[in-house]
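# Residue-level structure breakdown
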Amino acid sequence: MRKQWVLGNWKMNGSRESNSHLISGLLAGLNAESSSGIGVCVPSVYLIEVGDKLAGSTVALGAQTISEHDEGAYTGEISAKMAVDCGCSLVLVGHSERRSLYGETSEIVAKKFKQALSNELTPVLCVGETLEQRESGITNEVIGEQLDAVIECCNSDELGRSIIAYEPVWAIGTGKTASAEQAQEVHAFIRNKLAQKSNALAEKISILYGGSVKADNAKEIFSMSDIDGGLVGGASLGAESFLAIYNSTDVIG
Ligand code: PEP
C-alpha cells in the first residue's frame, strides 16, 4: 500500500507566537496511531524553532524551496544542506508560486529536485496547469513537460524517493477545488506516465492533490484511487482544520 501524506504549506505566513500556538494545537490533537504521514513546510527563518517544537513527534519538517546550487554567492537562498542542518526531511520544489512569481523553469526545478535527493531530503515535486491551459485542452502536455524534466535526469530509485503533488494553479488559494473526478483523471495520467519509466515506481509513489483542500472536501478527494493525500495551503494555518484534513486520510485504501 502506498504511503499517504497530508502536508501543510504555510507560505509566507506566521510569526513566532502564532507558530507556537499552531504547533501546540497540532501536537495536542494529533492521532499518533495513524499510519499516514504528516508534515509542515514552514518559512525558512522559522525552521529551527518549529523543528525544536516538533522534536519527538511524528510531524515532519519541510522547507518551501531550496537553491539549485550547493553553496556560495547566492544571496538570500538556502541550500539543501542547510535545510537538512535545520532538521528538514522534506522540501517543496516547483510550487506554482515559485514557477510563476520567481521564474523557476522546469529545468531549474529539476536541479532543485536533484539537490534535495543528493542531500537525503524528500522532494515534493509540485506540478499543475493554469486555467487558460486547462481550457485550451493542454493540461496533460503541461504536466507531462513538468514531469519529464525530472524523469529525464533521475533513475527510478531516485524518483521513488520523492512525492508528487498535483496542484491545478486555478485551484490554489482560490476556494475553487478540482472535482474529485477531475483530480483523479490527472493523477492517473501522472501515474501512467511514471509507469513508462517503471511499473514498480508508479505503484509506489505517493501523488498528493493540492488546491483549496478543506476539511469538508478532503474525504471525497482522498477517496479517489490515485490520490494519496493532500498538500494544503490556507487550511494548514489552523490546527483544527489541518487535523481534520489529516484525519480524512482514513478513507484512503
Ligand atoms: C498550496 O499552496 O500548495 C495550496 C494548495 O494552497 P491552498 O490549499 O490554499 O489552495
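Described below are features of the structure shown in this document. (Residues numbered from 1 in each chain as written. Predicted model: local features only at pLDDT ≥ 70, side-chain atom pairs only at ≥ 80, totals over all residues. Heavy atoms only, no water.)

With that out of the way, let us pick up the site of the ligand. In the neighbourhood of the ligand, 14 residues make up the surrounding shell, with K11, E167, G173, S212 and G233 lying closest. Between K11 and the ligand, the recorded distance is 2.6 Å, taken from a side-chain N or O atom to an oxygen atom. Residue G234 places a main-chain N or O atom 2.9 Å away from an oxygen atom belonging to the ligand. A per-class count over the shell around the ligand returns four nonpolar, eight polar and two charged. (Near = heavy atom within 4 Å. Polar contact = N/O pair within 3.5 Å; in protein donor to acceptor, adjacent residues only side chain to side chain. Nonpolar A, V, L, I, M, F, W, Y, C, P; charged D, E, K, R; others polar.)

Below, the discussion takes up the packing of aromatic side chains. Going through the model one piece at a time under the given rule, you end up with one aromatic pair. The ring of W5 carries K3 above its face, with NZ or CZ at 4.9 Å from the centroid. We note R98 situated over the ring of Y102; from NZ or CZ to the ring centre the distance is 4.2 Å. (Phe/Tyr/Trp six-rings, centres within 6.5 Å; stacked < 30°, edge-to-face > 60°. Lys NZ or Arg CZ within 6 Å of the ring centre and 35° of its normal.)

Relative to the 18 Å expected for 13 residues at 1.5 Å per residue, helix α7 (residues 139-151) spans 18 Å between its end C-alpha atoms, a close match to the ideal helical length. When we look at burial in α7, the residues that qualify are T139, V142, I143, G144, Q146, L147, A149, V150 and I151. (Helix = DSSP H or I, 4+ residues; strand = E, 2+ residues; numbered from the N terminus. Expected span 1.5 Å × (residues − 1). Buried < 20%, exposed > 50% of the residue type's maximum accessible area, 1.4 Å probe, protein only.)

What follows concerns the nonpolar core. Within the largest apolar cluster, 65 residues are counted, with the highest numbers of intra-cluster contacts made by V40, V50, I190 and Y209. If sequence neighbours within four positions are ignored, V40 has contacts with G8, W10, L26, V50, L54, V59, A60, L61, G62 and F242. In terms of nonpolar packing, the next biggest core, distinct from the first, is built from twelve residues, A60, L90, C126 and A165 among them. (Core = buried A, V, L, I, M, F, W, Y, C linked by side-chain atoms within 4.5 Å. Contact = heavy atoms within 4.5 Å.)

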